[in-house]
Every structure is written in C-alpha cells, then in structure tokens.
Amino acid sequence: MVRFMGSSNPLSVRIEGFKLAQCLMLTEQGCSRVVSMFCEPIVEAIVCAMIEWKLKEGKGANDQIPLMHEACRLAMITRWPGKHHLYFWKKGIDKVLVDILLPNFVGKYPSYHTYPLEEQIAIARENLIDNPVLVLRPYVWDILGWLAIRYAEDYDPKFSENEAHFDVLTAAACVAFEDIMGRGNQLCHDDVISTFRSESAARVVLMMIFSSCKYISSKARSMLCEVLNPNGERYLKQLLYTLKSPSSGVNLGMPNLVHIVISLIGLTCYLALPHYEGFIVESSKTLLSYMMGRSSESFCIPRSNYALHLKSNLPGRACCFFHPEEWEGKDVILFHNLWALSLSIHHSGSKSNCSVMAVLQTENVRTELVNKLLEICKDTSNCGARWFASYILTYFSYFGFPSELGVKIGKAFNQEDYADIELILADGTSFSIHGVLLMVRCPSLLPPEQHFDKGTFDDSSVTNDSDNWHGKFRKEIRLSSHVNRLELEKLLEYVYSGSVQAEENTVKRLKILARHCGLHHLSELLSRRIPEWATDIPSFDLKSALGQGRNTFWDIILESKATELSWTCSICSMSVPHMHVHRIILWVSCEYLQALLQSGMRESQSQILKVPVSWEALVKLVGWFYSSELPEPQGGCLWSNMGAKEKLHQLELYVELSWLADFWLLEDIQEACFRIVDNGLCSAMHLSVKILQMAANLSQWKLAEAAANHVAPSYRQLHESGELDELDETLIEMVRAASVRLSQSRG
C-alpha cells in the first residue's frame, strides 16, 4: 500500500493506495497500528502528493487535484496524537500548506518573519485572495489546527527554517477569521458551501490560540489582536447580538446552525485576548442565557454533519467503521458554548472579577445551572463538553465526573458490609474500605501485592459451606501522619463515586493528596485548569477487577446453568461455568441481590450463588454490573454475515437476560435487552416467530409483542404455509392483531 502511494506509480494506482490507507487509519487505533510500522514513508507519501501539483503546468496540474484530495483526506490523521506529527513537521508540511493556501507566496518573501506585523498581515491578505485550489482550504485549516494544538510545549520555530512559513500561516488564518467576523449575519445568506467552509477557518484560529505550545499560542493571540484592529469591538458586539437573538434558540436550518457555531468560536477567541476583557461580564451573561435557553433536544449536531471535507469518500458501505467524531462530540454547539463559558468564568476568577460569579451564584441560576451541568457530565457521547461542564462545576464546589455507575457505587461508601480494608490514620480513626474499589480506582493506597498473601480469598477449595467464607477478614493499612481525615474522606468519596463536593478551605490539601495518590484528573480539576484539547475523561469502569490474578478481592462466585462443554478454571477447582466477583458490587447494583445477601438465609452466607441463566448471558450480566453497559452483539457486516442459527442464539441470550432482569427488578437491563432484540429482528425478521415463542414461554410479553410486530408483514404467507402452526392460538391471535394494526396504519 505504501509503495503504491509513491510518485513512481500511475495516478489511478496512487489514488487507490491513499483510499486504502484512509480505510485502515479511519480510527485512532487503526492509525496507531499503521503508524507504528510505516510512519515516515506514509507521511512522506502524503506530503509529496500534496505538493506535486506545483511542479506541473496546465492540464498536468489539474490532473493532480484528485490525488491532492485523497492525500489531504489521509493527512486528517493529524487529528490523532502520535509520532507522525513530528514527521509531518520534518517533511515540511508547513511549506506545503503555504503552497496550497498562498500559492504565490513561497520564494517571494524569504524574510517575511522579519517584517512588521502590519506588513505581514497585508501580504497574507493579498496572497489569500488568489487561490486555484480553494476547495482544499478546509483541509489546510484543519490540518494546521490539529498540528498546532498537539504540538510540544517547548517548540520554538525561531530557531528553525519554519518561522516564515508558520508566521504567514498564522497571519492568513487570522485574516480569514477577521473576514468571517466582518461578514456577520451575511454568512447565513452566503452559499451553503461557503458558510460551511468558514467554520474551518474560524476553528483553526481557536486551536492555535489554545495550543499547548507557548510560541504558537502567543503568536496567534498577538496576530489576531492586530488583525482585528480597529473593527474588533464592532464585530464582538455583532457576535453577542447574534447569540442574544430570539431566533437563535429555536431549531434552524443547517447554515444558521453553522453560523451559531462560528459565533461561539469567535466569542471564545475574543475571550482569550486581554484587549477585550471589558466584555467578559456581558459575554458570560449571554453565554449562560443561551445555554439555559436550549432544550435537551435542540439542534444537536456533530461537526461531521456540516464539515463536508470530513465525510468519507470511500466507495460502498464501511459498515464496520464508526465515523470518528471530534472531541466536540455529537453536540458541537453545546461544546463551544461550554468552552466559551468556561473561559469567561476562568478569567473572572483569576482577575478577582466577582461580577460574573455573582450572577452565577444567585440561587435560581445556581440550582438550574448545576443540574444542567451534572446532566451533561453523564452524557458519554460528548467528551469535550463533559470536561468543560466539569470545569465549570468546580466553581460550585463540585469536583469530578458524575456517572450512572458512580451514583450506584457511591452508595457503598461508609458501608461496613463486605469491607475488607481498614485505612487507619495517625490519630487512630479509620475508614472501612472495599479493596476492589481501591485496586481499580486508586491502587496507590494499597500496599505492595505480596502483603496480601495471608488475607486473599481462598479459592482453592470452594464449597457451599458458609463456614468457609472469609469475607470478614480485613487488612489494616496505616497511613502517614500527613494525611488528614477530612481530605482522606473526600478523596475516598471521589474514588467510590467519581465526583465529590469540597469547600474552598479543603481544596488545597485535597489537591496535594490527590496528586500523591496519582489521581491526575481530580488534581487538574482541583487546580481549576482549563482542560487541554482532546483530554480523556477518566473511565468509571470496574471490569478490570474481573481479571485473572490472586489478589483481586473476590468474595463470591456466580454459577451459571450447567453446560455440556468441559470447564476448567485457572483460579479454583470448580468444573461448572462460573465467575469470581465481589459482593459489594452485587449489593449496590441489584436491590434483589442486596435483599438476598442481607436475608440471613443460606445463600447470603454461601460462597456460591446460582444464577439461572446460561454462561454467555451471565457474562453479559456481570459486564453490566461492573460498567453499567450491557455488551451488545456484533454489528455491521459481522452481524449481516452471521448464520441464522448464530443470530438466533445471540438474540435468545437477551430474551433470557430480560427474564432474569424482570425477576431481579433490573429495569435498565430489561429495557436494553428489549432494544437489542427489537433492533436485531429488524434485520433478521425470519427469526421473529422463534423469538416470539421463547419470549412468551418466559412471560416477556413486551418482547413477544415486538416480535409479533415483526412477523405481522408476513402474517398471511406464514399462516398459509403453516409456519405459524407451532404457536398456540394466543400467539397466533397476537400476530393477527399486529397484522391488522399494520394494515390500518397503511391506510
């Protein structure tokens, strides 16, 4: 593939090579795997293909445009972190981007970076107008933005040949930004493609301003400030007017939505410039009002919906791949709204400007805003928005990342039941803790593994005899005299629930403790640092506690129904399918199991709890207990190419789980099972009769009704062919009624 991307091959062959590379590097994981093997030659092929058109003349240059398109698409791997960023700079990507963006610049201004700012801006403005490959501009802006925001902190192009190229790229981006701000509401009346392209030009300035590289950030800020003079304040007032407009709070067409995105990006850039500090209070009020005025269903769009250059150009249907969304997530408007609001609050706090906080701390605003931010934090589809929501919450004494699983596990904090660790402070007071949570969430509080040899749960001779249960054992861990009880309690609350409330007088010492315990994300929030681009959200997922090993604090076994297959366990001698789990996780996850474990009955004391489902269903159930996510069957072409027997088996697992969830009062699992089975039958309707029968046998009537609805379109044919004869009269009548309803709905 890499060889065929080289310049010695025909254009058509090279284009196919680039398309294949795009397919293999469509996700961060795929990019990482390919880059680990062929980083430099791939980057070199991309850079060469992007610049070759300059070496051609006339029709030859035009023939290169399709190849440039594919090379630019592949250069989008700059969205992912990795060593390929360094190679892009080494191979002269800055000069290539200048050639595409300002084709008449290179060679004419060798000392460009020594010119006064006004002259640099004038040259960039003049050269930006004349561009034969305008269609590639969105690629250039995005590539430049990703390279800038991911560049190393200590980068300084003053000592390299990149300085002139980088300076003119910065000037060109700021000139394009100023042009977009100047057009204001006219953007909505431009042609759609032009409006969509404007977002990339505004976005690149935002990413350069917030680059972790001080040189890039400083250069972008100073250049933008100069470009905006003398019209900057007029543009800013226009942005605020746009966001205050009543029409901005209702569902709009795509060009208007993109205009709102551009306005939010523009306002965020303005808030980063000291020259416009006087607008912080008004901006904060506008942003707050705009966010609170949006309903949860309002124009929720990902960037890929309007950034046309991000859409895959691959032929056919790439059903096994999920489109890689940006850090912005599925709601780009919410993301930029929160980013701008975070910045305004950050500046208010750092400059002792109490006006903004006074507005936010009023009782009616505070309650509504905190509730909205907490809800945003639980939405896993908006990573960037969750970070900024969590950042804003720190000004209301909330620190962390609330989640559904965190709410459940948090109930176990301060519970003596099933605690197996005793954390003892210097003053003799102590906390009873569950080792499994420390192991996964804060292992630095545990001593070296070998210290647990005498206290681990003995799996070597498992029986149903309650006398053999060692759950009462507790390992004592004595902490340093520097550890304060209040700060430790707050840290443990974060470990259990993923978030914690802490007053200002506690924050400093808690930050020190969090840093020493390796809780980096908590430490960042306690420091109130604006999150950097693409910072990951710490996952509240306990599935790693199910891994192999001796010291994993297991204290109970879940045994599934027997299977004909032979069974061996590397941990214990049991020969039936089972899983080693933790009582405390079962206790917080299921009210039925909580009552059972506290009932005093034999099951509550036994090492083994029999679960009346198959082994595969048990694995899915335990996966949900430890992550709040129910594992789903394979999708895409893997599902399409699966045999009917295997598809039926997969769907039957969820019918089985739905029955158990009904019995154990697990409504979330039951709803998830219904959704999965219903979706599965949409593409496998021929299995509906068998699922209908199984659901009815297990009294899962909602599932049975859904299966009947899938059978309904074929009712007449199936009835005449006798394929429904295996059903009893009640179920046949259910299908007939569904068929009648379908006919009536079709008019």
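Note: the structure precedes this text.
Overview of the structure. It should be emphasised that the depicted structure is a prediction, and the values quoted were computed from it without experimental measurement.

Quick word on unusual backbone geometry
Okay, so step 1: Each neighbour pair has its own omega, and for Asn229 with Pro230 the value is 5°, a cis peptide bond.
Okay, so step 2: Secondary-structure assignment places Pro230 in the loop between helix 11 (214-228) and helix 12 (232-244).
Okay, so step 3: At Ser628, a position not held by glycine, the phi torsion is positive, near 65°.
Okay, so step 4: Relative to the helices and strands, Ser628 resides in the loop between helix 27 (615-627) and helix 28 (636-640).
Okay, so step 5: Using a relative accessible area of 18% as the deciding quantity, one classes Ser628 as buried.

Some words on the sheet that holds strand 4 (residues 475-478)
Okay, so step 1: With mixed pairing, the 3 strands of this open sheet are ordered in space as 3-2-4. Pairing within the sheet leaves two strands with one partner each, and these edge strands are strand 3 (430-433) and strand 4. When the angles between neighbouring strand axes are averaged without regard to direction, this sheet yields 20°.
Okay, so step 2: Of the strands in this sheet, strand 2 (421-424) and strand 3 are in contact with helix 21 (residues 485-497), which crosses strand 3 at around 10°.

Section: the environment of Val205
Okay, so step 1: Among the structural elements, Val205 can be located in helix 10 (residues 192-209).
Okay, so step 2: Note: C-alpha distance between Val205 and Ala171 (34 residues apart in sequence) is 9.8 Å.
Okay, so step 3: Beyond its immediate chain neighbours, meaning those up to four positions away, Val205 contacts Ala173, Cys174, Phe177, Leu224 and Cys269.

Quick look at the pairing of strand 2
Okay, so step 1: Burial along strand 2 is two-sided: the face carrying Ile421 and Leu423 and the face carrying Glu422 and Ile424 are both buried.
Okay, so step 2: Judged from the 4 bridges that link them, strand 2 and strand 3 form a sheet pairing that is antiparallel. Within strand 3, the residue paired with Ile424 across the bridge is Ser430.
Okay, so step 3: Counting the residues in the hairpin turn of strand 2 and strand 3 gives 5 residues, including Gly428, whose phi is positive at 95°.

Calculation notes
- Residues numbered from 1 in each chain as written.
- Predicted model: local features only at pLDDT ≥ 70, side-chain atom pairs only at ≥ 80, totals over all residues.
- Heavy atoms only, no water.
- Helix = DSSP H or I, 4+ residues; strand = E, 2+ residues; numbered from the N terminus.
- Buried < 20%, exposed > 50% of the residue type's maximum accessible area, 1.4 Å probe, protein only.
- Pairing = 2+ DSSP bridges.
- Axes fitted to C-alpha atoms, helices over the stretch in contact; angles between N-to-C directions.
- Contact = heavy atoms within 4.5 Å.

Scope: geometric values only; no functional claims are made or implied.
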